[in-house]
Amino acid sequence: QVQLVESGGGLVQAGGSLRLSCAASARAFSRYGMGWFRQPPGEAREFVAAISWSSGNTAYADSVKDRFTISKDNAKNTLYLQMNSLKPEETAVYYCAATSLWVGVRVASNEYNYWGQGTQVTVSS
């Protein structure tokens, strides 16, 4: 079983920044792709960013390109999402996820096998 625990969420003013972390069990960093998704209140879960195990390539939702950065530290078994210039409409529960489909960058939520509990991000206007 892969264990994922998110942290770093909170309340931030529009234009501010947050850095989310996802502490993962070792197997999540052994041939697993990783991603971040978010679910706004009353809305469906949506893709934010992903990173592949095989190539290290990354992908981002168009709405967050050039503002968010996904990265991971294999030595610490930790995934990160740096979020800059946050907007009120980005208020959501943010989830870390892992997929055993380790080739390619996976952007669909149904391709992920394991999920963290989520961390709340609230952006005030």
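Residues numbered from 1 in each chain as written. Predicted model: local features only at pLDDT ≥ 70, side-chain atom pairs only at ≥ 80, totals over all residues. Heavy atoms only, no water.

Caption draft 1: Expanded view of the pairing of strand S9 (residues 92-99). With seven of eight residues buried, S9 is to be regarded as a mostly interior element. Direction of pairing for S9 relative to strand S11 (residues 119-124): antiparallel, over a ladder of three bridges. From the neighbouring strand, Tyr94 faces S11, where its bridge partner is Thr119. Pairing analysis gives two bridges linking S9 to strand S10 (residues 114-115), with the strands arranged antiparallel. Looking at the pairing, Ala98 lines up with Tyr114 of S10. (Buried < 20%, exposed > 50% of the residue type's maximum accessible area, 1.4 Å probe, protein only. Helix = DSSP H or I, 4+ residues; strand = E, 2+ residues; numbered from the N terminus. Pairing = 2+ DSSP bridges.)

Caption draft 2: Structural view of the packing of aromatic side chains. Evaluated as defined, the whole model comprises six aromatic pairs. Judged by centre distance (5.1 Å) and plane angle (75 degrees), the ring pair of Phe37 and Tyr112 falls under edge-to-face. With Phe37 in strand S4 (residues 33-39) and Tyr112 in the loop between S9 and S10, this pair connects stretches of sequence that are 75 residues apart. Each member of the pair, Phe37 together with Tyr112, is buried. Pairing Tyr112 with Trp115 gives two aromatic rings, centres 6.1 Å apart and planes at 55 degrees, and the pair type is tilted. (Phe/Tyr/Trp six-rings, centres within 6.5 Å; stacked < 30°, edge-to-face > 60°.)

Caption draft 3: Region of interest: the sheet that holds strand S3 (residues 18-24). Taken in spatial order, the four strands of this open sheet run S1-S3-S8-S7, and their pairing is antiparallel. Here the strands that pair on one side only, and so sit at the sheet edges, are strand S1 (4-7) and strand S7 (68-73). Put simply, the sheet's adjacent strands are angled 15 degrees from each other on average, direction ignored. Examined bridge by bridge, S7 and strand S8 (residues 78-83) share six bridges and lie antiparallel to one another. In the strand pairing of S8, Thr69 is matched with Gln82. (Axes fitted to C-alpha atoms, helices over the stretch in contact; angles between N-to-C directions.)

Caption draft 4: Focus on unusual backbone geometry. We note that Asp66 has phi near 75 degrees; this positive angle belongs to a residue other than glycine. Tracing the backbone through its elements, the reader meets Asp66 in the loop between strand S6 (58-60) and S7. Positive phi outside glycine occurs at Asn77, with the angle close to 55 degrees. If you trace the backbone, Asn77 turns up in the loop between S7 and S8. Looking at Asn77, the relative accessible area reads 21%, which means it is partly exposed.

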